[in-house]
Amino acid sequence: MSAEPVSAPEARVRIPREIWVLIAAAFVIALGFGLITPVLPGFAQSFGVGATASSVVVSAFAFFRLVFAPAGGRLIGRLGERPIYLTGLLVVAVSTGATAFAGSYWQLLLFRGLGGIGSVMFTVSAVALIVRLAPPSIRARVSSAYASAFLIGGVGGPVVGGLLGGLGLRVPFLVYAAALLLAATIVFVFLKDASLRPAEGAPVLPVMTVRDGWRDSAYKASVVSAFANGWANFGVRNAILPLFAAAVIVDQSLDPATRETHQSLVAGTALAVFAAGNAVGLTVAGRTSDRIGRKPFIVGGLLVSGLATLGTGLATNLPLLVAFSVVAGLGAGALNPAQQASLADVVGRERNGGPALAAFQMASDTGAIIGPVLAGTLVDHGSFGLAFGVTGAITLLAVVPWVRARETHPVRRVGSSTA
């Protein structure tokens, strides 16, 4: 694989306007998503189910994302990124609004699962645009800015969601649906379809298949770390942490109404400080990995996140839970922009990376499906410590393929050829 030319120094290269629009929409989406994260497991348990069944609600969202990912990629190729992005936001908005009116566990499972279809539509559309539109010399900075928008929204979302949970477990879902409609409006107004398509008569880019990517050690390692990251940070953390806060951290002698409010607040605080740590890690890794390489941040992020996740199950009070959550967030923040930039390095701007990018996303969603279900089973038949311990071990194992993987950073590869 030949090296890409290095463009102007990162300080002189501006992030394209289209990406800033996606970043603004990402903030609104994340703010809304953060509202429902602290209350979703408790909402599921309000229908009289245990930890495993409530975790399945989280997994259902990822399952529908996984199943629909190939079809979503084909729709993007046929109709373009903008209409699929907008359609995806509207699907999630409608399904989230319906979730607020779920009258049974099975209705909740269905409505939340259907939201995964819309989620993969706008997620893959956004990733495809960022890979294609981001200048090579600032790929990590672009990935960091996009992810930071999610994280900044994620910092405030869980806290506000915890407060809204005190008004009723259904209220955050209605607010999230409204936030998605606002994000759709931003994209509809400020993104013009013409600016997102190749020029008339432009050559068709060759497709990078999954088989092509699998020949690259960095791509293989990215798929493994995406699986582990989806398991730990998109799956188990969202599904199990609120239940852990409710069962271990909150004083069980409180009256039911007060205890429910405290549970939402504690869960929201833990998720918010995780997001805050994540934002700090993103900022540092996003800029620095464009100068010194991707691997140090990927390996370091996996190690820090894995160890902190192991420790989370040992927390017995709110300060310890907050400390472990912040550290885990720092690790995840260091990992994500460097991993995303490495994947963009592999695909490059001269190929259509749709199938390879979809496989990467599917690996993350697979982890987010399996992780919560297994962790919920471990809680029901073992302990929270065991569930977080297994999750931390999965994250640490993802370091192994990265130790042998190549460094993809364009600056590092100037004048060389790598396999």
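This section reports on the structure supplied with the text. Please read all numbers here as calculations on a predicted model, not as lab measurements.

For the rest of this paragraph, the subject is the overall build of the chain. Helices and strands together make up the secondary structure of the chain, namely 16 helices and zero strands. When the 419 residues of the chain are sorted by exposure, 57% land in the buried category. Contacts in the chain between residues at least 24 apart in sequence constitute 88% of all its contacts with a sequence separation of at least 6. Counting every atom, the chain has about 16300 Å² of accessible surface; 70% of that belongs to carbon and sulfur.

Right, let's talk about the packing of aromatic side chains for a bit. Two aromatic rings are characterised by how far apart their centres lie and by the angle between their planes. Tallied over the entire structure, the rule returns seven aromatic pairs. Centre to centre, the rings of F63 and F64 are 5.9 Å apart; their planes meet at 85°, and the pair counts as edge-to-face. Residue F63 is classed as partly exposed on the basis of its relative accessible area of 41%. Through a chain of ring-to-ring contacts, the aromatic side chains of F244, F384 and F388 assemble into a single cluster. Taking NZ or CZ as reference, R112 lies 4.2 Å from the ring centre of F61, over its face.

Moving on to the pattern of salt bridges. Scanning the model with the defined rule gives one salt bridge in all. For R406, the salt bridge goes to D216, with nearest N and O atoms at 2.7 Å. On the criterion of sequence distance, the pair formed by R406 in the loop between helix 15 (399-404) and helix 16 (410-413) and D216 in the loop between helix 8 (210-214) and helix 9 (217-249) is long-range, its members being 190 residues apart. An identical accessibility class is assigned to R406 and D216; each is buried.

This part takes up the packing of helix 11 (residues 295-312) against helix 12 (residues 318-347). Put simply, helix 11 and helix 12 touch, their axes get as near as 7 Å, and they point 155° apart. With respect to helix 12, the axis of helix 11 lies roughly antiparallel. Along this stretch, helix 11 crosses helix 12, giving a crossing that reads as left-handed. The segment helix 11 lies against helix 12, with F297, I298, G301, L302, V304, S305, A308, G311 and T312 engaging L321, F324, V327, A328, G331, A332, A334, L335, A338, Q339 and S342. Classifying every residue of the contact of helix 11 with helix 12 by side-chain character gives 13 nonpolar, seven polar and no charged.

For the rest of this paragraph, the subject is helix 7 (residues 171-190). The end-to-end C-alpha separation of helix 7 is 29 Å, in line with the 28 Å expected for 20 residues at 1.5 Å each. Residues P172, F173, Y176, A177, A179, L180, A183, A184, I186 and V187 constitute the buried set of helix 7.

Mapped onto the elements, Y219 comes out in helix 9. Of the residues examined, Y219 reaches a relative accessible area of 0% and is grouped as buried. In the structure, Y219 is positioned 137 residues away from A356 in sequence and 8.8 Å away in space, judged by C-alpha atoms. What Y219 contacts, discounting residues up to four positions off in sequence, is V210, G213, W214, L343, V346, A356, A359 and F360.

The residue R237 is located in helix 9 in this model. Excluding residues within four positions of it along the chain, R237 makes contact with A232, P242, L271, F274, T309, S325 and A328.

Within the largest apolar cluster, 70 residues are counted, with the highest numbers of intra-cluster contacts made by I29, Y85, L89, I240, F244 and L321. Leave out the neighbours within four places in its chain, and F244 touches I249, T312, G313, A315, L321, F384 and F388. Counting 29 residues, the second-largest nonpolar core is a separate cluster that includes V127, L335, V346 and V347.

For helix 12, spanning 30 residues, the distance from its first C-alpha to its last is 43 Å, which sits close to the expected 44 Å at 1.5 Å a residue. Within helix 12, 21 of the 30 residues are buried, which leaves the element mostly enclosed by the surrounding structure. Capping the start of helix 12, N317 holds a side-chain oxygen 3.0 Å from the backbone nitrogen of L320, two or three residues further along.

For the rest of this paragraph, the subject is the packing of helix 11 against helix 14 (residues 384-397). Taken N-terminus to C-terminus, the directions of helix 11 and helix 14 make an angle of 170°; their axes are 7 Å apart at the nearest point. By the angle class used here, helix 11 and helix 14 are roughly antiparallel. For the pair formed by helix 11 and helix 14, the contact residues are L302, L303, S305, G306, L307, T309, L310 and T312 on the first element and F388, G389, T391, G392, A393, T395 and L396 on the second.

Residues F27, L31 and I152 make up a contiguous nonpolar surface patch of about 250 Å² in total accessible area. Note on placement: L31 falls in helix 1 (residues 17-36). On the accessibility criterion, L31 (34% relative accessible area) is partly exposed.

Another point: the environment of F274. Looking at where F274 falls in the secondary structure, it is placed in helix 10 (residues 256-292). Put simply, F274 and G331 are 57 residues apart on the chain and 9.8 Å apart in space, counted from C-alpha to C-alpha.

What counts and how
- For every chain, the first residue of the written sequence is number 1, and numbering continues from 1 onward in sequence order.
- Predicted model: local features are reported for residues with pLDDT of at least 70 only, side-chain atom pairs are reported and counted for 80 or more only, and whole-chain, interface and lining totals are derived from all residues.
- As a convention, hydrogens and water are excluded, and side-chain values are obtained from all of the structure's heavy atoms.
- Helix and strand definitions here come from DSSP, where helices need a minimum of 4 consecutive H or I residues and strands a minimum of 2 consecutive E residues; each element is numbered from the N-terminal end.
- The buried label goes to any residue with under 20% of its type's maximum accessible area, the exposed label to any with over 50%, and the partly exposed label to all in between, with areas taken from a 1.4 Å probe on protein chains only.
- Contact criterion: two residues are considered in contact whenever any of their non-hydrogen atoms come within 4.5 Å of each other.
- The method behind every accessible area is Shrake-Rupley, applied with a 1.4 Å probe, and residues are considered shielded solely by the protein chains displayed.
- Geometry of aromatic contacts follows a simple scheme: Phe, Tyr and Trp rings, the Trp one being its six-membered ring, pair when their centres are within 6.5 Å, and the pair is stacked under 30 degrees between planes, edge-to-face over 60, tilted otherwise.
- Charge-over-ring contacts are defined here by two conditions on Lys NZ or Arg CZ: a distance within 6 Å of the ring centre and an angle within 35 degrees of the ring normal.
- For this document, the term salt bridge refers to a Lys or Arg side-chain nitrogen within 4 Å of an Asp or Glu carboxyl oxygen.
- Lines fitted to the C-alpha atoms define the axes, with helices restricted to the stretch that makes contact. Angles between their N-to-C directions range from 0 to 180 degrees.
- Small angles under 35 degrees read as roughly parallel and large ones over 145 as roughly antiparallel, with 65 to 115 read as roughly perpendicular and the rest as oblique.
- By definition, turning the near helix anticlockwise from the far helix through less than a right angle yields a left-handed crossing, and turning it clockwise yields a right-handed one.
- Side-chain classes follow a simple rule in which Ala, Val, Leu, Ile, Met, Phe, Trp, Tyr, Cys and Pro form the nonpolar group, Asp, Glu, Lys and Arg form the charged group, and the remainder, Gly included, forms the polar group.
- To estimate the expected span of a helix, subtract one from its residue number and multiply by 1.5 Å.
- We define a nonpolar core as any set of buried Ala, Val, Leu, Ile, Met, Phe, Trp, Tyr and Cys residues linked to one another through side-chain atoms lying within 4.5 Å.
- Definition of a polar contact: a pair of N or O atoms within 3.5 Å, with one able to donate and the other able to accept a hydrogen when the atoms are protein atoms, and with sequence-neighbouring residues admitted only if both atoms are side-chain atoms.
- Note on patches: the residues involved have over 30% relative accessible area and no salt bridge, like charges join within 9 Å, and the nonpolar side chains Val, Leu, Ile, Met, Phe, Trp and Tyr join within 5 Å.

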